Amino acid sequence: MENASFQTKAVRLLFLVLFCVPLVSMAQEVTGTVTSSTDNQPLPGVNIVQKGTAKGTTTDFDGNFSIVVSGFPSTLVVSYIGFATKEVVVSGPGAITIQLDEGVALDEVVMVGSRAVARSSTDTPLPVDMVGVKELQNTGQVTFDKSLQYKIPSFNTVQTPVNDATSLLDPYEIRNMGPSRTLILINGKRKNLSALLYTQTSPGRGETGADIAAIPTDAIKRVEILRDGASAQYGSDAIAGVMNIILKDNASAGYASLRTGISSEGDGESFAFAINNGTSIFDDKGFINYTIDLSSIGQYNRPGTVNAAGEIADFTGGTAADIAFVNEFLSRKPDAGNINGSPETTSSKFLVNGGVDLSESSELYFNAAYVYKKVNSFANYRVPYWRTIESFPYLGNFFPGNNPNNTGAFTDAYGNTFQGNGYDGYVPTFDGDLNDYNGTIGFKANNNDWFYDASVTVGGNRQTYRVRNSHNRNEVFSPAVFNDANGNGVVDAGELIPSSRLYQENSQISFDPGGTQFNHIVGNIDISKSLSDQVSIGFGAEFRSETFTIIEGELSSYDGGGADSFAGNRPENSGKFNRYNFGGYFDVAWDVSEEFLLNGTIRTENYSDFGNAFVWKVSSRYKLAEDKLTLRGSLSTGFRAPTLHQIFTQKAQYSFVPGQGIQVGGLVSNVSPQARLLGIPQLDAEESTNFTIGVGGKITNSFNFTLDYYNISVKDRIVLGTEIGPSGDPTNPLDVLLSGNNLSDVSFFSNALDTKTSGIDLVANYRNIPLGAGFLGLNLSGNYTITNERDGDVKNIRLVENAGQSVVNETQEALFFTSRPQTKWILGANYDIGDLAFTLNNTYFGKTTFNQQGMDSDLFTEFIPKIVTDLSVNWDASEKVSILFNINNLLNVLPEWEFKAENAAGQAIIDDTSTNALGITPIQEQSNLITFNQRYSQMTYDGYHFSQLGTLFNLAVTYRF
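Residues numbered from 1 in each chain as written. Predicted model: local features only at pLDDT ≥ 70, side-chain atom pairs only at ≥ 80, totals over all residues. Heavy atoms only, no water.

### Quick word on the overall build of the protein chain
(1) Moving on: Per the secondary structure count, the protein chain includes 14 helices and 46 strands.
(2) Moving on: For the protein chain, buried positions account for 59% of its 961 residues.
(3) Moving on: Restricting the contact set of the protein chain to residue pairs at least 6 apart, pairs at least 24 apart contribute 71%.
(4) Moving on: Just so you have it, the protein chain exposes about 36,600 Å², and 55% of that area is on carbon and sulfur atoms. (Helix = DSSP H or I, 4+ residues; strand = E, 2+ residues; numbered from the N terminus. Buried < 20%, exposed > 50% of the residue type's maximum accessible area, 1.4 Å probe, protein only. Contact = heavy atoms within 4.5 Å. Areas by Shrake-Rupley, 256 points an atom, 1.4 Å probe, with all protein chains shown as cover.)

Printed below as a string of structure tokens:
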């Protein structure tokens, strides 16, 4: 009912925006053109606002604009990222020309550098990236997170090929630190976390983060990324950095865009419609800017050709009948019916941003967003030879070898097929429904140069699931499924009974396994003041209440083994869990001289569930060479509170175990009775130390660069440990727990690691290079990871040590430390000539290494470095219409990997060409292990260093109002 209420309110608000806002009153019109002072080229997308009002517009692609002002004389405030803001006094109606000075791309005022009075990014002692909306749109990527993948070198996100709950949200990270260590802000206010907890053995394992893919790109004005620890300024989750998403605030300009796309393989058809527009309200004292984004993306399918010998070795006894049965099935389904790659997704996104000037020195501001996303994906196909007689005791005689003469086939009422002498399997579907919302209302004021900002933010994310075309293996089959008329113990021809009698009367193939939900309420008050020309201060407080809900599934989804492929949430593992925290900070900035700045921040927080945290930060900046160079550095401590997801999640989980197929393991909550039985301690906060030093340069109006070194140490890092199997002692509490719950293994969260991460970030831009009849711009940015590793021993509990195991093994370490590229570089070029603009980006993905679970410890795998090339062409067909054509991965480059030897024994495995009885070489056996017998064209859960989907074509037609 809460969701329905929110949706009703969202619809009412949308109706108000579209139909009930007042029309802009007619007054005096000013027209003109905005150009660059350097080359006199027109500037598109420049913001123009009548000072003291919310009246505003933007220039078109030829730099032209028209604005209605309330009278003369009027002052126009003209601003554009990369140019100095200019105020122009207009004394009467008519056409004017405005020239902006270039070369201040690093001088844009930012919100994320300090909590004292805002500074430009050349004045702040911290590295800040800024990306405009046009740069994001020119990537041609369909979601915001994938756009950042090809704009920010230290930002990585990859589609995991196994599509269950993770198909709703791909894990992302900055500087290889996981999604939960980057704080996401919207207009400077904390975005709610997703309800999803990544639990598969894939990059991002054990993490959660905000759903940035849910944010419509068309609503974004720019993105500010602070690449430095910022817990002292913003609290938990800011160990790796802060991403601040600034929303559009245009009051009188907008556009509608129609987009479509397809892959070179002919799948993944996409269709999207987006509109962004704005209007003035309350007699031009306020504005509303709104965005509507509706999209549909088809299924991408990239399965491999399954290796029959590997299937025979893993799932059968290897008899002649077994071999014939597997080969017959794979001859009809070479990919074993697998569907993997990227799921079918539909989404509807709505966002509103607005503000009202209450007086000359005060403002009421607000924003709200609602996103609905639906995903349809598939689990692994359940091939018939997976299910042994022990799995289905009443179908024993249907399995290979029992009746080789029976070649008949039929399909039952549920869509399941019996082919030849066996059950032909099925593919469970996984449907996910995501609802995400956030909203902020706040008040800003300036009273005697004291700046006040008070706000309340609410947000939530709800994910519920549906498993179809599956069954509960422990319940659905009836003990009387055949009629052995001649008593020979074999189901002969004519003895197959009607398919409706294969199932109990109350059996089902569709299940509601429940889901998860996360909500928060955040209250902020921030106060700042410049005490003098040299000293400014800022202080404030934040109260946050968080609620995590595990939604119970229906009985049949969890009873016994649960719904095959995705078991439901049991009642004892479900419920609503809450905590709150209160924090306060104090920030001071001292300009010791015009060149030298010192900045310091302290923060304290108190959590209701684990106590206090105190952190601090000091930073400095020194300008030299007539302000063309800036030296900067910072030292800080930080913390990350364990999420409620990590504390309270407990569930049975289906996953692929190399060489053993699909197994059911258990994730144990740290506050459960089972945790007490096993001696698992409760979670504490992570603590970090961040150090960064760098240099920024603005050598000319056309050339600038930044180079920064960072070093991050994390103590008591929270990880979801590897699956711990039985010790072999039936009286051991671990073995008792596993056997009593029909689990193959158990995993849990713990503060298991201390880690250290260091690297270098480089950003360089050279713009406005005359070339022929146009102008060329070049940009180079890169990230190089120097160190990313465990610091000291793994902190295992005694039970795990006594079993001769560890919660962090080679596979876990690979996922934490080497599952993202060691280095990543982006070399881009843009060329503007007349009505055409060309952009060519080359993204270099460095090597990525893995130590897959089950693979020989003398080997590891390495993804080969590759360059992915993207081409974008933008044509201004008219004053109102523009066409954007993108080819992503122009050269159809796909990820490639190879085996590497840890030692001589590993090299011997690679070189050994001998085969076993099934014709499998030792290295082929290892390959089968990590690709699920080649079901996946690359690997299973480990993911890749870039997309496996190949070349994608996208076309967008935009009409400007």
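### Regarding unusual backbone geometry
Most peptide bonds adopt trans geometry, and most residues besides glycine take a negative phi value.
(1) Moving on: Even without being a glycine, Asp283 presents a positive backbone phi close to 55°.
(2) Moving on: Taking the relative accessible area as the measure of exposure, Asp283 reaches 73% and is therefore exposed.
(3) Moving on: In this structure, Asn469 is a non-glycine residue whose phi angle is positive, near 55°.
(4) Moving on: Structurally, the position occupied by Asn469 is in the loop between strand 26 (450-468) and strand 27 (515-530).
(5) Moving on: Look at Asn469 and you get partly exposed, because its relative accessible area is 23%.

### As for the packing of helix 5 (residues 308-315) against helix 6 (residues 320-332)
A pair of packed helices is captured by two measures, namely the crossing angle of their axes and the spacing between those axes.
(1) Moving on: Put simply, helix 5 and helix 6 touch, their axes get as near as 10 Å, and they point 135° apart. Considering the angle they form, helix 5 stands oblique to helix 6. Of the two elements, helix 5 crosses helix 6, and the hand of that crossing is right-handed. In this structure, helix 5 uses Ala308, Glu311 and Ile312 to contact helix 6, whose residues at the interface are Ile323, Val326, Asn327 and Leu330.
(2) Moving on: Class assignment for the residues of the contact of helix 5 with helix 6 results in 5 nonpolar, 1 polar and 1 charged. (Axes fitted to C-alpha atoms, helices over the stretch in contact; angles between N-to-C directions. Parallel < 35°, antiparallel > 145°, perpendicular 65-115°, else oblique. Left-handed = near helix turned anticlockwise from the far one by under 90°. Nonpolar A, V, L, I, M, F, W, Y, C, P; charged D, E, K, R; others polar.)

### Description of the pattern of salt bridges
(1) Moving on: Counted by the stated rule, this structure contains 40 salt bridges.
(2) Moving on: Between Glu686 and Arg640 there is a salt bridge, and its shortest N-O distance comes to 3.2 Å. Of the two residues, Glu686 is situated in strand 35 (residues 686-698) and Arg640 in strand 32 (residues 629-640); the sequence distance between them amounts to 46 residues. Residue Glu686 shares its accessibility class with Arg640, and that shared class is buried.
(3) Moving on: Measuring nitrogen to oxygen at the nearest pair gives 3.1 Å for the salt bridge that ties Lys866 to Glu896. Here Lys866, found in strand 43 (residues 866-876), pairs with Glu896, found in the loop between strand 44 (881-888) and strand 45 (897-901); they are 30 residues apart in sequence, far enough to count as distant.
(4) Moving on: What makes Lys866 buried here is its relative accessible area of 17%.
(5) Moving on: Each of the salt bridges in this network shares a partner with another, and the network as a whole consists of Glu542, Arg544, Glu546, Arg579 and Asp609. (Salt bridge = Lys/Arg side-chain N within 4 Å of Asp/Glu carboxyl O.)

### Things to note about the packing of aromatic side chains
(1) Moving on: Evaluation of the coordinates by the stated rule reveals 23 aromatic pairs.
(2) Moving on: Their ring planes at 85° and their centres at 5.1 Å tell us that Trp897 and Phe899 sit as a pair that is edge-to-face.
(3) Moving on: Residue Phe899 is classed as buried on the basis of its relative accessible area, which comes to 15%.
(4) Moving on: Ring-pair connections join several aromatic residues into one group, and the members of that group are Phe315, Phe325, Phe329, Tyr381 and Tyr385.
(5) Moving on: Directly above the aromatic system of Tyr710 lies the positively charged group of Arg175, at a separation of 3.7 Å from the ring centroid.
(6) Moving on: Stacked on the ring of Phe816, the Lys or Arg Arg717 has its end atom at 6.0 Å from the ring centre. (Phe/Tyr/Trp six-rings, centres within 6.5 Å; stacked < 30°, edge-to-face > 60°. Lys NZ or Arg CZ within 6 Å of the ring centre and 35° of its normal.)

### Let's talk about a negative patch on the surface
(1) Moving on: On the surface, Glu594, Glu595, Glu626 and Asp627 cluster together into a negatively charged patch.
(2) Moving on: Structurally, Glu626 is set in the loop between strand 31 (611-624) and strand 32.
(3) Moving on: When its relative accessible area of 73% is taken as the criterion, Glu626 is described as exposed. (Patch = residues over 30% accessible without salt bridge, like charges linked within 9 Å, V, L, I, M, F, W, Y side chains within 5 Å. Lys, Arg positive; Asp, Glu negative; His and termini not counted. Charge placed at Lys NZ, Arg CZ, Asp CG, Glu CD.)

### Structural notes on the sheet that holds strand 11 (residues 182-186)
(1) Moving on: Taken in spatial order, the 5 strands make up an open sheet running 8-13-14-11-12, and their pairing is mixed. Of all the strands in the sheet, just strand 8 (128-132) and strand 12 (189-190) have a single pairing partner and so form its edges.
(2) Moving on: Sheet topology note: the strand 13 (residues 220-226)/strand 14 (residues 241-247) ladder contains 6 bridges and is antiparallel. If you follow Glu224 over to strand 14, its bridge partner there is Asn244. (Pairing = 2+ DSSP bridges.)

### Describing helix 10 (residues 733-740)
(1) Moving on: Taken together, the buried positions of helix 10 are occupied by Leu734, Asp735, Leu737 and Leu738. Projected onto a plane normal to the axis of helix 10, the buried residues spread over an arc of 160° and lie on a single side. Turned more than 90 degrees off the buried face of helix 10, the exposed positions are Ser739 and Gly740. (Arc of directions from axis to C-beta.)

### Remarks on the sheet that holds strand 42 (residues 859-863)
(1) Moving on: Read from one edge of the open sheet, 3 strands run 41-42-45, paired in antiparallel fashion. Strands at the two margins of the open sheet, each flanked by one partner only, are strand 41 (848-850) and strand 45. Here the strands of the sheet are splayed against their neighbours by 30° on average, with no regard to which way each runs.
(2) Moving on: For strand 41 and strand 42, the ladder comprises 3 bridges, and the chain directions are antiparallel. Bridge assignment links Thr849 to a residue of strand 42, and that residue is Glu862.
(3) Moving on: Across the face of the sheet, helix 13 (residues 904-911) comes into contact with strand 42 and strand 45 while running at roughly 135° to strand 45.
(4) Moving on: Sitting on the sheet, helix 14 (residues 922-930) is in contact with strand 42 and strand 45, with an inclination near 125° to strand 45.

### What to know about the pairing of strand 29 (residues 575-591)
(1) Moving on: Where strand 28 (residues 535-551) meets strand 29, 16 bridges bridge the pair, whose relative direction is antiparallel. By the bridge assignment, Glu546 is partnered in strand 29 with Arg579.
(2) Moving on: In this antiparallel pair of consecutive strands, strand 29 and strand 30 (residues 596-607), the connection spans 4 residues.

### Examining the environment of Ser36
(1) Moving on: Tracing the chain through its elements places Ser36 in strand 1 (residues 28-36).
(2) Moving on: The class for Ser36 is buried, based on a relative accessible area of 2%.
(3) Moving on: Each C-alpha atom, one on Ser36 and one on Asp101, is 6.4 Å from the other, the two residues being 65 residues apart in sequence.

### Thoughts on the environment of Glu29
(1) Moving on: By the secondary structure assignment, Glu29 is in strand 1.
(2) Moving on: Each C-alpha atom, one on Glu29 and one on Pro93, is 5.9 Å from the other, the two residues being 64 residues apart in sequence.
(3) Moving on: Only 2.5 Å separates the side chain of Glu29 from the side chain of Ser66, close enough to count as a polar contact. (Polar contact = N/O pair within 3.5 Å; in protein donor to acceptor, adjacent residues only side chain to side chain.)

### Remarks on the side chain of Thr182
(1) Moving on: Take Thr182: it is sitting in strand 11.
(2) Moving on: The contacts of Thr182, once residues within four sequence positions are left out, are Ile174, Asp237, Ala240, Gly241 and Met243.

### Here we look at the environment of Glu344
(1) Moving on: Turning to its location among the elements, Glu344 is positioned in strand 20 (residues 344-359).
(2) Moving on: Along the sequence, Glu344 and Ser270 sit 74 residues apart, while their C-alpha atoms lie 9.6 Å from each other.
(3) Moving on: Excluding anything up to four places from it in sequence, Glu344 contacts Ile297, Gly298, Gln299, Lys374, Val375 and Asn376.

### As for a nonpolar patch on the surface
(1) Moving on: A cluster of nonpolar side chains, Leu258, Ile262, Phe271, Phe273, Leu294, Phe885, Phe953, Leu955 and Val957, forms an exposed patch at the surface whose accessible area comes to about 700 Å².
(2) Moving on: Only strand 15 (255-263), strand 16 (270-281) and strand 46 (952-960) provide two or more residues apiece to the nonpolar patch.
(3) Moving on: Counting through the fold element by element, Phe885 comes out in strand 44.

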